[in-house]
Amino acid sequence: MLNDLKILNGNMPLKFDPLNNIYTIDLDQNETELKLEYKVSEGATVKIENNHDLQNGLNEVNLIVTKDDKETIYNLYVYKDDTTKVNKSLEEMLNVKLEPKEELPNYVAPLIGVICFLLIITFYLLLFRKSKKH
């Protein structure tokens, strides 16, 4: 049985568990094969299949662990993809130059406040005034 497994040139998000035999691995773009470091039980042998010339996209690498005529297969689904730059760098986005706008006169803010207050009073009087009955 496989006791420990480490991926040296990729990323395996799920921590290794000897009872789990399916793993997904993200491989670095410039790599063509998976570099593994593993520990096995005493007397066990490991055979690695399909671990050469990995192509872009999904690849399957199999670790076959044999001990005492019992065979355990660990399936490693290796995803290799070339990265393309989709958006601009942060520096390019931060270098946007804003043109200064004209400042408003000092009386505009109090004028807006007075107009809002008068509108509130007007609507209050229209909605809640008592009507006289003759």
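A. Structural view of the pairing of strand E6 (residues 57-67). Bridge count for strand E5 (residues 45-49) against E6 is five bridges, and the pairing is antiparallel. Looking at the pairing, Glu-49 lines up with Asn-62 of E6. Bridge analysis of E6 against strand E7 (residues 70-80) gives 11 bridges, and the strand direction is antiparallel. Across the sheet, residue Asn-62 finds its bridge partner in E7, namely Asn-75. Counting the residues that bridge the hairpin from E6 to E7 gives two residues, and of these Asp-68 lies at a positive phi of roughly 50°.

B. Examining the side chain of Asn-75 more closely. Here Asn-75 shows up in strand E7. Of the residues examined, Asn-75 reaches a relative accessible area of 17% and is grouped as buried. Setting aside residues no more than four positions away along its own chain, Asn-75 makes contact with Asn-21, Ile-22, Tyr-23, Glu-60, Val-61 and Asn-62.

C. Spotlight on the sheet that holds strand E2 (residues 10-11). In space, the five strands of this open sheet follow the order E2-E3-E7-E6-E5, with mixed pairing throughout. At either end of the open sheet lies a strand with only one pairing partner, and these are E2 and E5. Examined bridge by bridge, strand E3 (residues 22-27) and E7 share six bridges and lie parallel to one another. The residue bridging Ile-25 from the neighbouring strand is Val-78, located in E7.

D. Here's a closer look at the pattern of salt bridges. Throughout the structure, instances matching the rule amount to two salt bridges. Between Glu-31 and Lys-35 there is a salt bridge, and its shortest N-O distance comes to 3.9 Å. For Glu-31, a relative accessible area of 17% translates into the label buried.

E. Structural detail: the packing of aromatic side chains. Tallying each qualifying case throughout the model produces three aromatic pairs. Judged by centre distance (6.1 Å) and plane angle (45°), the ring pair of Phe-16 and Tyr-74 falls under tilted. Pair noted here: Phe-16 is in the loop between E2 and E3 and Tyr-74 is in strand E7, with a separation of 58 residues, a long-range link. Of the two residues, Phe-16 and Tyr-74, neither departs from the other in class, the shared state being buried. Measuring from ring centre to ring centre gives 5.2 Å for Tyr-124 and Phe-128, while their planes differ by 45°; the resulting arrangement is tilted.

So, how was this worked out
- Residues numbered from 1 in each chain as written.
- Predicted model: local features only at pLDDT ≥ 70, side-chain atom pairs only at ≥ 80, totals over all residues.
- Heavy atoms only, no water.
- Pairing = 2+ DSSP bridges.
- Helix = DSSP H or I, 4+ residues; strand = E, 2+ residues; numbered from the N terminus.
- Buried < 20%, exposed > 50% of the residue type's maximum accessible area, 1.4 Å probe, protein only.
- Contact = heavy atoms within 4.5 Å.
- Salt bridge = Lys/Arg side-chain N within 4 Å of Asp/Glu carboxyl O.
- Phe/Tyr/Trp six-rings, centres within 6.5 Å; stacked < 30°, edge-to-face > 60°.

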